[in-house]
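Per-entry structural report
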Amino acid sequence: MKRAICVIALVALLVTGVASARESSSLTVFAAASLSDAFPKIAPHATYSFAGSNTLAAQIRQGAPADVFASANMTLPNGLYKDHFCSKPVVFTRNRLVVIVPRSNPANVHTVYDLRRSGVKIVIAAQGVPVGSYTLQVLKNMNLTSVLSNVVSRESDVREVLAKVALNEADAGFVYSTDAKTVPGKVRVLRIPAWAQPKAQYGICIVSASAHKAAARAFVKRVMSKAGQKVLVRYGFLPRVKKG
Amino acid sequence: MQRWLQGALFFGASVVALLFLALPVIAIFTRVPPGRLVHLLSNPVVRDALVVSLKSTAIAEALILLFGTPLAYLLATRRFHGRALLITIVELPLVLPPAVAGIGLFAAFGRSGLFGSTLDALGLDIPFTLTAVVLAITLVASPLYVRTAIAAFEAVDRDLVAASRTLGAGPARTFFRVAFPLAGGGLAAGAALAFARALGEFGATIMFAGSLRGVTQTLPLAIYEQFSLDFDTAIAMGALLVVVSLALLLSLKLALSWQPSRQTSASLSAPSS
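Residues numbered from 1 in each chain as written. Chains lettered and ligands numbered in written order. Predicted model: local features only at pLDDT ≥ 70, side-chain atom pairs only at ≥ 80, totals over all residues. Heavy atoms only, no water.

Details of the sheet that holds strand S1 (residues 28-32) of chain A
Two pairing modes exist for strands in a sheet, parallel and antiparallel, and in both the strands are linked by backbone hydrogen bonds. Residues and elements named next belong to chain A. Strand order in the open sheet made by the 5 strands is S2-S1-S3-S10-S4, with mixed pairing throughout. If you trace the sheet from one side to the other, it starts and ends with strand S2 (47-51) and strand S4 (90-95), each paired once. On average, adjacent strands in this sheet sit at an angle of 20° to one another, irrespective of strand direction. Along the sheet, helix H8 (residues 213-224) contacts S1, S2, strand S3 (68-71), S4 and strand S10 (200-206); its crossing angle with S10, the most-contacted strand, is approximately 155°. (Pairing = 2+ DSSP bridges. Helix = DSSP H or I, 4+ residues; strand = E, 2+ residues; numbered from the N terminus. Axes fitted to C-alpha atoms, helices over the stretch in contact; angles between N-to-C directions. Contact = heavy atoms within 4.5 Å.)

Side note on unusual backbone geometry
Residue and element names in this part refer to chain A. One non-glycine residue, Asn105, lies in the positive phi region at around 45°. Counting through the fold element by element, Asn105 comes out in the loop between strand S5 (97-102) and strand S6 (122-125). A positive phi angle, near 70°, is found at Asn168, a position not held by glycine. One can find Asn168 in the loop between helix H6 (158-166) and strand S8 (172-176).

Observations concerning the side chain of Lys164(A)
Turning to its location among the elements, Lys164(A) is positioned in helix H6. Look at Lys164(A) and you get buried, because its relative accessible area is 4%. Among the polar contacts listed, one links the side chain of Lys164(A) to the backbone oxygen of Met207(B), at a separation of 3.0 Å. With sequence-adjacent residues up to four places away left out, Lys164(A) is seen in contact with Glu155(A), Glu169(A), Ala170(A), Phe106(B), Phe128(B), Ile206(B), Met207(B) and Gly210(B). (Buried < 20%, exposed > 50% of the residue type's maximum accessible area, 1.4 Å probe, protein only. Polar contact = N/O pair within 3.5 Å; in protein donor to acceptor, adjacent residues only side chain to side chain.)

Considerations on the domain arrangement of chain B
All names here are of chain B. The assigned domain composition of chain B is domain 1 (1-31) and domain 2 (42-257). Taken together, the contact between domain 1 and domain 2 spans 4 residues of the former and 7 residues of the latter. Where domain 1 abuts domain 2, roughly 460 Å² becomes buried across the two surfaces, and 84% of that area is made up of carbon and sulfur atoms. When the buried area of domain 1 at its contact with domain 2 is split by residue, Ile28, Phe29 and Arg31 rank highest and sum to 91% of it. Taken together, the links from domain 1 to domain 2 amount to 0 salt bridges. (Domains from an automatic or database assignment. Buried area = accessible area lost by both parts, 1.4 Å probe. Salt bridge = Lys/Arg side-chain N within 4 Å of Asp/Glu carboxyl O.)

Quick word on the domain arrangement of chain A
All names here are of chain A. By the assigned domains, chain A splits into domain 1 (19-94 + 201-234) and domain 2 (97-196). Using C-alpha coordinates to define each centre, domain 1 is positioned 26 Å away from domain 2. Between domain 1 and domain 2, the residue contacts involve 13 residues of the former and 11 residues of the latter. For the pairing of domain 1 and domain 2, the buried interface totals around 840 Å² over both sides, and the portion due to carbon and sulfur atoms is 52%. Together, Ala33, Ser34 and Asn54 form the three largest contributors to the area buried by domain 1 at its contact with domain 2, with a combined 40%. Counting across the domain 1 and domain 2 interface gives 1 salt bridge. Here Arg159 makes a salt bridge to Asp37, at a shortest N to O gap of 2.9 Å. Our count for the domain 1 to domain 2 interface comes out at 3 residue pairs in polar contact (both at pLDDT 80 or more).

In structure tokens form, the structure reads like this:
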């Protein structure tokens, strides 16, 4: 009998423990993988989940316990806003695309146009990932869609693309200029002309189901503040409003 | 009173465990009407992923049987120093996180890996190809087969093997006519387990082989991609994999209930031609 009571008590403890696990953290921020380095510098005490923005948006739609969603485009947060999953998103920073090649440059890629050469192994992000659709826009703008036949993998977020080029396993990849800066010794950067750049605006919003609305608002305010913007610029992001 | 309570506790725990195991699978089917499963096969993304999955799994399975069976037989029948260590090496990928398997494959067969320059000299570039998918799933799935096969060979009556040898059959003949048929049920079970594991592999594949539709994107990778694009398609693909896995498991049960003793005693007593 005593043992039975012990077992019941243990089970009850486990169940309540599992049930309350979700409540323990303070502020949870779902942010685009490209923000992995900058965001913890802006707010070190928040809990972060970095991944492809599309994956994060899908998780929020399935009820993930996020308080803030910071996406690498406006389409995903606007979609969430339309379906009442988050507040109206605002632009908090911008970015631009570059082509990276491994330092040893095994395929001898020196300009974006070299990517057309057959046999160059290119890695890009999948279509639903913001940087994936930006990549397609760049290729369309430069009349280079034939490059797509050299793509050997479509990765789930920008950091996967970065890793595969930095590892020297792929010959080239499309990433944000901010990602290229995080592995300076491992990759070379090829610029993409300004006229071919997509409008890469990052949107931030507060998740409707958030239990920490005040903390979430404070986080967004901090990102938009002068100090927050300064950190982003230091990591190579562009000011949220285009100058001039 | 005490006994009643104990019974209730066991019953309650069993119900919780059963529900927990069954619910996710049942939940998938509540969201996918059966008609959609058929309709799903007309979706080119799904069809491509299914082809890549079946192709890579079939090749991996052939490799696992071809190389794993002799290994399992040797490990089961020979006693030598370091045998336990070898078995541990065989079992390791089973408990290794798939992401570690993926990193390991890069370190071994990647362009800057251990054999990178050798493979390069041979003109072989493995990452991001179907070969990479096959290597990833073979690495992760083969321990399931080899482990089961070792147990199956160990369960073979040694007297029968010894009798075969004293009656003049060589090691190869003894293997094919005695040990292999006697272990057949266990081998088939191991093969089915490895097949199911190979079909479901995700982590090592997405790291080492990447994900490209029609080339390296297997069903689990396609589900992952569709999760953020179109949840309904993702869940329908999940249902498809459940059906395939269920069919595999049922054939596994059939293989296990196959009675090797009856079969073999019949074939042993049958006049040899």
